[in-house]
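# Fold and geometry: a report
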Amino acid sequence: MNELPTASTAATSRRERVQVAIIGAGPAGLLLGALLHQAGIEALVLEQRSADYVLGRIRAGVLEQGTVALMDRLGLGARMHAQGLVHGGFALGWRNRHQRIDLEALAGKAVMVYGQTEVTRDLMDARAASGARTVYEAADVALHDLGGTAPWVSYRRDGVEHRVDCDFIAGCDGYHGVSRASIPADALRCYERVYPFGWLGVLCDTPPVSHELIYSNHARGFALCSMRSPTRSRYYLQCALDDKVEAWSDAAFFDELRRRIEPEAAEALVTGPSIEKSIAPLRSFVAEPMRHGRLFLAGDAAHIVPPTGAKGLNLAASDVTYLGDALVEHYRERSDAGLDAYSERALKRVWKAVRFSWWFTSLMHRFPDDSGFGQKIQEAELDYLLGSRAASAALAENYVGLPL
Ligand code: RFL
Ligand code: PHB
């Protein structure tokens, strides 16, 4: 535990030292924590929210094989393999017809449908069982002396001020976190695209409309039929940015979903009361470099992709694989080659996923300000994609995940 109360202020301030301070207990922070723990490197995870809040966020649903392999490497794959659903393809809907993209035939790989909530739960449980520490509800987390050799982190909990001295800080605190914001503006270059629509998502305890995912391009807007299990469905509709969740009753949501998928699927759709309903804006964002001195950014803290390509969680997993391996190399081999190469290596993979997610988003949504040209290009592209094995293979190869 290493908590060292200072003599004069024992009741209100505490100081400790760890090798790596990890900010954020989302998938990036917890996966990195698990990798470091496995290598015997002491890390402390600081999370501003409660564990229940983190587990209550409904987000990603599709894992690439690299992410599955990372869970296996950590010895945490048992529940995922028992309960996750292996999908060898998905349906692409256009002009009221669904055409299957056969991932296994086109790219030689499948994906795993296993919710981010479940990945997070497995990581949290393993962390608690191993005795590795996570501080939930850490308030006012602040990063200090990033440019020197002795960075430190401060936070407050239950009225006590804490100081954590460390060798490195991993900024895994998502898009709105403190880590990226702690880097001077002139040391970062940010690239961004904001899309003129959002996704309205509904979770409900009904059997999924189809045994595979359906991505549907429709004149009324994009729709996605996904799932969490054989009895829990996740559906999304493209919506306007100023739409309000309260304005969408469950009945209105499902009526609209039925309109945007092929008639046979619409007929088969089983509806039920929503257990979660939310609107997410869509953006592409990359901050470069992913390192500032002793601070390393990973996951959504450094980049955001629109969810169309199902890449966000998978990028968090590939970032921390690179970062975890680099930190292990630092401590075991006294080499900083991996740390020095981290940003460039991670960004190479990030930009390919940013490109794919942008492309798939552009292909599948209605753009409100389009003069007609964009629509024609979209139709030509869909026609080409669905008729060409080479084009379908490029989609499949990116969807299952490019190699690390
Ligand atoms: P997270 O999950 O946002 O975790 C960051 C954590 O940091 C905490 N935090 C702080 N802690 C301490 N101090 C501070 N100052 C802090 N500020 C923030 C937060 O509370 C949080 O716990 O980032 P991470 O770990 O990088 O993980 C990224 C993924 O969560 C994200 O990319 C995916 O959810 C994106 N995503 C999808 N990704 C996929 O790979 N496949 C999918 O199918 C998929 N579907 C989705 C998605 C995201 C969606 N939304 C809601 C944006 C579907 C949707 C609708
Ligand atoms: C989901 O199930 O939440 C999901 C699946 C695929 C996506 C995005 C979200 O592309």
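Residues numbered from 1 in each chain as written. Chains lettered and ligands numbered in written order. Predicted model: local features only at pLDDT ≥ 70, side-chain atom pairs only at ≥ 80, totals over all residues. Heavy atoms only, no water.

What follows deals with the overall build of the protein chain. Scanning the protein chain for helices and strands turns up 13 helices and 22 strands. What you see for the protein chain is a C-alpha radius of gyration of 22 Å, in line with the 22 Å of a compact globule of 404 residues. Considered along the principal axes of its C-alpha atoms, the protein chain spans approximately 70 × 40 × 40 Å. For the protein chain, the residues scored as buried account for 54% of the 404 residues in total. Across the protein chain, contacts joining residues at least 24 apart in sequence account for 71% of those joining residues at least 6 apart. Approximately 17400 Å² of the protein chain is accessible, and the part contributed by carbon and sulfur atoms is 51%. (Helix = DSSP H or I, 4+ residues; strand = E, 2+ residues; numbered from the N terminus. Rg over C-alpha atoms; globule rule 2.2 N^0.38 Å. Buried < 20%, exposed > 50% of the residue type's maximum accessible area, 1.4 Å probe, protein only. Contact = heavy atoms within 4.5 Å. Areas by Shrake-Rupley, 256 points an atom, 1.4 Å probe, with all protein chains shown as cover.)

This paragraph deals with the nonpolar core. Of all hydrophobic cores here, the largest spans 79 residues; its most connected members are Ile22, Leu32, Leu123 and Val153. Ranked by residue count, the leading element in this core is helix H10 (residues 312-333), at eleven residues. Beyond its immediate chain neighbours, meaning those up to four positions away, leucine 123 contacts Pro27, Leu30, Leu31, Ala34, Met71, Leu74 and Leu76. The next biggest cluster of nonpolar side chains, apart from the first, holds 35 residues, and it includes Tyr215, Phe222, Leu282 and Phe356. (Core = buried A, V, L, I, M, F, W, Y, C linked by side-chain atoms within 4.5 Å.)

Note that phenylalanine 253 resides in helix H8 (residues 250-260). As a C-alpha pair, phenylalanine 253 and glycine 61 span 192 residues in sequence and 20 Å in three-dimensional space. In this structure, phenylalanine 253 is in contact with Leu200, Val202, Tyr235, Tyr236, Leu237 and Trp248, ignoring residues within four places of it in sequence.

Time to look at the side chain of glutamate 47. Its location among the elements puts glutamate 47 in the loop between strand E4 (43-46) and helix H2 (51-56). Buried charge without a salt bridge: glutamate 47, with arginine 57 as the nearest opposite-charge side chain at an N-O distance of 5.0 Å. When near neighbours in sequence (up to four residues on either side) are disregarded, glutamate 47 contacts Gly24, Ala25, Gly26, Val54, Val135, Tyr136, Glu137 and Ala138. (Lys, Arg positive; Asp, Glu negative; His and termini not counted. Salt bridge = Lys/Arg side-chain N within 4 Å of Asp/Glu carboxyl O.)

So, about the site of ligand 2. Among the 14 residues in the neighbourhood of ligand 2, the closest are listed as Tyr215, Ser226, Arg228, Tyr236 and Pro307. Contact between ligand 2 and tyrosine 215: an oxygen atom at 2.7 Å from a side-chain N or O atom of the residue. Contacts to ligand 2 include tyrosine 236, whose side-chain N or O atom sits 2.6 Å from an oxygen atom. Protein contact buries 97% of the 280 Å² of open area that ligand 2 shows by itself. Elements supplying a minimum of two residues to the shell around ligand 2: strand E17 (223-229) and strand E18 (232-239). By residue number, the principal contributor to the shell around ligand 2 is E17, which donates three residues. Class assignment of the residues belonging to the shell around ligand 2 gives a composition of eight nonpolar, three polar and three charged. (Near = heavy atom within 4 Å. Polar contact = N/O pair within 3.5 Å; in protein donor to acceptor, adjacent residues only side chain to side chain. Nonpolar A, V, L, I, M, F, W, Y, C, P; charged D, E, K, R; others polar.)

The subject of this paragraph is helix H11 (residues 337-364). Compared with an ideal rise of 1.5 Å per residue, which puts 28 residues at 40 Å, H11 spans 41 Å between its outermost C-alpha atoms and is within 8% of the ideal. Serine 343 marks where H11 bends most, by close to 40 degrees. (Expected span 1.5 Å × (residues − 1). Bend = angle between axes of the 7 residues up to and from the residue.)

Right, let's get into the UniProt feature "domain: FAD-binding" (unreviewed entry) in the protein chain. Feature annotation in UniProt assigns "domain: FAD-binding" (unreviewed entry) to the following positions: residues 17-357. Within residues 17-357, the helical portion is 34% and the strand portion 32%, while the C-alpha atoms at the span's ends are 40 Å from each other. (UniProt positions renumbered as here; feature names shortened; annotations may be inferred.)

Below, the discussion takes up the side chain of serine 179. Residue placement: serine 179 occurs in helix H7 (residues 178-181). Leave out the neighbours within four places in its chain, and serine 179 touches Ile23, Leu143, Gly171, Asp173, Leu295 and Leu297.

To describe a pair of aromatic rings, you give the distance between the ring centres and the angle between the ring planes. Inspection of every chain in the model, using the stated rule, returns 20 aromatic pairs. Ring plane angle 80 degrees and centroid distance 5.1 Å describe the contact between phenylalanine 197 and phenylalanine 367, whose orientation is recorded as edge-to-face. Of this pair, phenylalanine 197 sits in strand E15 (residues 189-204) while phenylalanine 367 sits in the loop between H11 and helix H12 (373-387); the two residues are 170 residues apart in sequence, bridging distant segments of the chain. Among the residues examined, phenylalanine 367 registers a relative accessible area of 30% and is labelled partly exposed. A centroid spacing of 5.4 Å and a plane angle of 85 degrees characterise the contact between phenylalanine 253 and phenylalanine 254, whose relative ring orientation is edge-to-face. The two residues phenylalanine 253 and phenylalanine 254 agree in class, both being buried. An aromatic cluster is defined as three or more aromatic residues linked by ring pairs; in this entry it consists of Phe90, Trp199, Tyr215, Phe222, Tyr236, Phe356, Trp359, Phe360 and Tyr399. Seen from the ring of tyrosine 53, arginine 49 lies directly overhead, with NZ or CZ sitting 4.1 Å from the centre. Above the ring of tryptophan 152, the side-chain terminus of arginine 163 is found at 3.8 Å from the ring centroid. (Phe/Tyr/Trp six-rings, centres within 6.5 Å; stacked < 30°, edge-to-face > 60°. Lys NZ or Arg CZ within 6 Å of the ring centre and 35° of its normal.)

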